[in-house]
Amino acid sequence: MTNHSARVRLGHSDLTVRPIGLGCMGMSQFYGDSDDQESAQTIRAAIDLGVDFLDTSDVYGGSDIGTASNSRGFGHNERLIGTALRGRRDRVVLATKFGAKVNDTRDGIVIDGRPEYVAAACEASLRRLDTDVIDLYYCHRLDRNVPIEDTVGAMAELVQAGKVRALGLSEVGPALIRRAHAVHPITALQSEYSLWERDVEESVTATCRELGITLVPYCPLGRSALTGALTPGERFHPDDFRHSNPRFAADNLAANLEPVEALTQLADEKGCTPGQLALAWLLAQPLDVVPIPGTRRIAHVRENFAATAVPISADEIAYLSAVFAPGRVVGERYTPVHAATVAR
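Residues numbered from 1 in each chain as written. Predicted model: local features only at pLDDT ≥ 70, side-chain atom pairs only at ≥ 80, totals over all residues. Heavy atoms only, no water.

- Per an unreviewed UniProt entry, the recorded name for the protein is Aldo/keto reductase, and the organism is Mycolicibacterium cosmeticum.

This is the structure:
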């Protein structure tokens, strides 16, 4: 059983965090309109609650496929966090990312991992975040036109310069993880992982365990599907990422919500919410994980953070693993444009 006082060391770094962080992406993009003042208040309240791991990216807020009308501008999320953290910066481990951009015609994603861009992107993020150092700096997506050794080599120079404390990767597979780790120790791997999405299990998780890399699952609540808040036939606003996501298409969603009923029933028996039980399942996996559920509302932050106190037995873990067996959730997790950026 985990608890609020437990801390997780990120990889082999000196950084330690509580077991559940806060993903800030939705405060700027992907899930409809947001209010900067409410988001900043949520960040500050989350820190006061004890959340000490914040996740962002320089691209959050920029235009994206299916959400162009909701664009807040490249770097918006970092600026928002920089403002919200004034007077609180020393209370959090701050993670951001570089590498993902959107082209001028808004019809695709551009990935840039050139060494010269790595340095420029870091300087820009430091300014927007209003900080002297980034605790955890991720390569958001791999640039297939640049050897990963060159990209990570440039990231390592940022560590040597004192601008970054630790390095991370996102959505890459075992071979690439090993190549990157040979250049500079990789502290964290951020990938989608939940009862709804289990593709990282086996080879990726085994590689992380072997190399001592912490797994940071994003979308640990299946883009809210695991909270019990969605119903079959749910309709999403055009500015909502799920509007064009295959897993949330009408026929797929109805099938994908069926196992959530079992999750909800077990949660009711245990006196917790479905989302808390889904997070407890993740925290019980046989490697260091720090999920970063995203939300704009402090009530949800409080609920998610309390998941660390939800006990879960080996039988319950096995039961949920069987209910959400790999392949049970149908539909691709990304549209082709987004899927092309994943390098597992």
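## Observations concerning the nonpolar core
In step 1: In this structure, Leu22, Ile43, Leu169 and Leu189 are the most contacted members of the largest nonpolar core, which totals 83 residues.
In step 2: Per element, the largest residue contribution to this core is seven residues, and it comes from helix 9 (residues 274-283).
In step 3: Look past the residues within four positions of leucine 189 in its chain and what remains in contact with it is Leu169, Ser170, Glu171, Val172, Ile177, Val204, Cys208, Ile213, Thr214, Leu215 and Val216.
In step 4: With 16 residues, the next largest nonpolar core counts Leu15, Phe53, Ala95 and Val290 among its residues. (Core = buried A, V, L, I, M, F, W, Y, C linked by side-chain atoms within 4.5 Å. Buried < 20%, exposed > 50% of the residue type's maximum accessible area, 1.4 Å probe, protein only. Helix = DSSP H or I, 4+ residues; strand = E, 2+ residues; numbered from the N terminus. Contact = heavy atoms within 4.5 Å.)

## Description of the packing of helix 2 (residues 76-84) against helix 3 (residues 115-129)
Packed helices, taken two at a time, are described by the angle between their axes plus the distance between the axes.
In step 1: Following both chains from N to C, one finds helix 2 and helix 3 inclined at 40°, their axes separated by 7 Å at the closest point. One way to sum up the angle between helix 2 and helix 3 is to call them oblique. Across the interface between the two elements, Glu78, Arg79, Ile81 and Gly82 from helix 2 touch Ser125, Arg128 and Leu129 from helix 3.
In step 2: For the contact of helix 2 with helix 3, the class distribution of residues is two nonpolar, two polar and three charged. (Axes fitted to C-alpha atoms, helices over the stretch in contact; angles between N-to-C directions. Parallel < 35°, antiparallel > 145°, perpendicular 65-115°, else oblique. Nonpolar A, V, L, I, M, F, W, Y, C, P; charged D, E, K, R; others polar.)

## Observations concerning the packing of aromatic side chains
Aromatic ring pairs are reported here in terms of the distance separating the ring centres and the angle at which the planes meet.
In step 1: In this structure the tally under the stated criterion is three aromatic pairs.
In step 2: On the numbers, 5.9 Å between centres and 65° between planes, the contact of tyrosine 193 with tryptophan 281 is edge-to-face. With a gap of 88 residues between them, tyrosine 193 in the loop between strand 10 (186-192) and helix 6 (203-211) and tryptophan 281 in helix 9 connect regions that are remote in the sequence. The exposure classification of tyrosine 193 matches that of tryptophan 281, with both residues buried.
In step 3: A centroid spacing of 5.2 Å and a plane angle of 50° characterise the contact between tryptophan 196 and phenylalanine 248, whose relative ring orientation is tilted. Placement of the pair is tryptophan 196 in the loop between strand 10 and helix 6 and phenylalanine 248 in the loop between strand 11 (214-218) and helix 7 (250-256), with a sequence separation of 52 residues. With respect to class, tryptophan 196 is no different from phenylalanine 248; both count as buried.
In step 4: Sitting over the ring of tyrosine 117, lysine 101 keeps its end group 4.5 Å from the ring centre. (Phe/Tyr/Trp six-rings, centres within 6.5 Å; stacked < 30°, edge-to-face > 60°. Lys NZ or Arg CZ within 6 Å of the ring centre and 35° of its normal.)

## Here we look at the confidence of the model for the protein
In step 1: For the protein, per-residue confidence averages 89 on the pLDDT scale, and residues scoring 70 or more make up 89% of the total.
In step 2: Confidence drops under a pLDDT of 50 for residues 1-5, and excluding neighbours within four residues, the segment shows eleven contacts in the predicted structure. (pLDDT = per-residue confidence, 0-100.)

## What to know about the sheet that holds strand 11
In step 1: Taken in spatial order, the seven strands line up as 3-4-5-8-9-10-11 in an open sheet, and their pairing is parallel. Edge strands, defined here as strands with exactly one partner in the open sheet, are strand 3 (22-23) and strand 11. (Pairing = 2+ DSSP bridges.)

## So, the packing of helix 1 (residues 36-49) against helix 10 (residues 298-305)
In step 1: For the pair helix 1 and helix 10, interaxial distance at closest approach is 9 Å and the crossing angle is 30°. Of the possible angle classes, the one that applies to helix 1 and helix 10 is roughly parallel. Between helix 1 and helix 10 lies a crossing of right-handed hand. Residue-level inspection shows Thr42, Ala45, Ala46 and Leu49 of helix 1 in contact with helix 10, the latter providing Ile298, Val301, Arg302 and Phe305. (Left-handed = near helix turned anticlockwise from the far one by under 90°.)

## A word on the pattern of salt bridges
In step 1: Summed over all chains, the structure comprises 19 salt bridges.
In step 2: A salt bridge links aspartate 112 to arginine 114; the nearest nitrogen and oxygen atoms lie 2.8 Å apart.
In step 3: Here aspartate 112 falls in the buried class, since its relative accessible area comes to 6%.
In step 4: Accessibility expressed as a relative area gives 37% for arginine 114, which makes it partly exposed.
In step 5: A salt bridge links arginine 328 to glutamate 258; the nearest nitrogen and oxygen atoms lie 3.0 Å apart. You can see arginine 328 sitting in the loop between helix 11 (314-323) and helix 12 (336-339) and its partner glutamate 258 sitting in helix 8 (residues 258-270), a full 70 residues away along the chain.
In step 6: One network of salt bridges, in which partners are shared, links Lys101, Asp112, Arg114 and Glu116. (Salt bridge = Lys/Arg side-chain N within 4 Å of Asp/Glu carboxyl O.)

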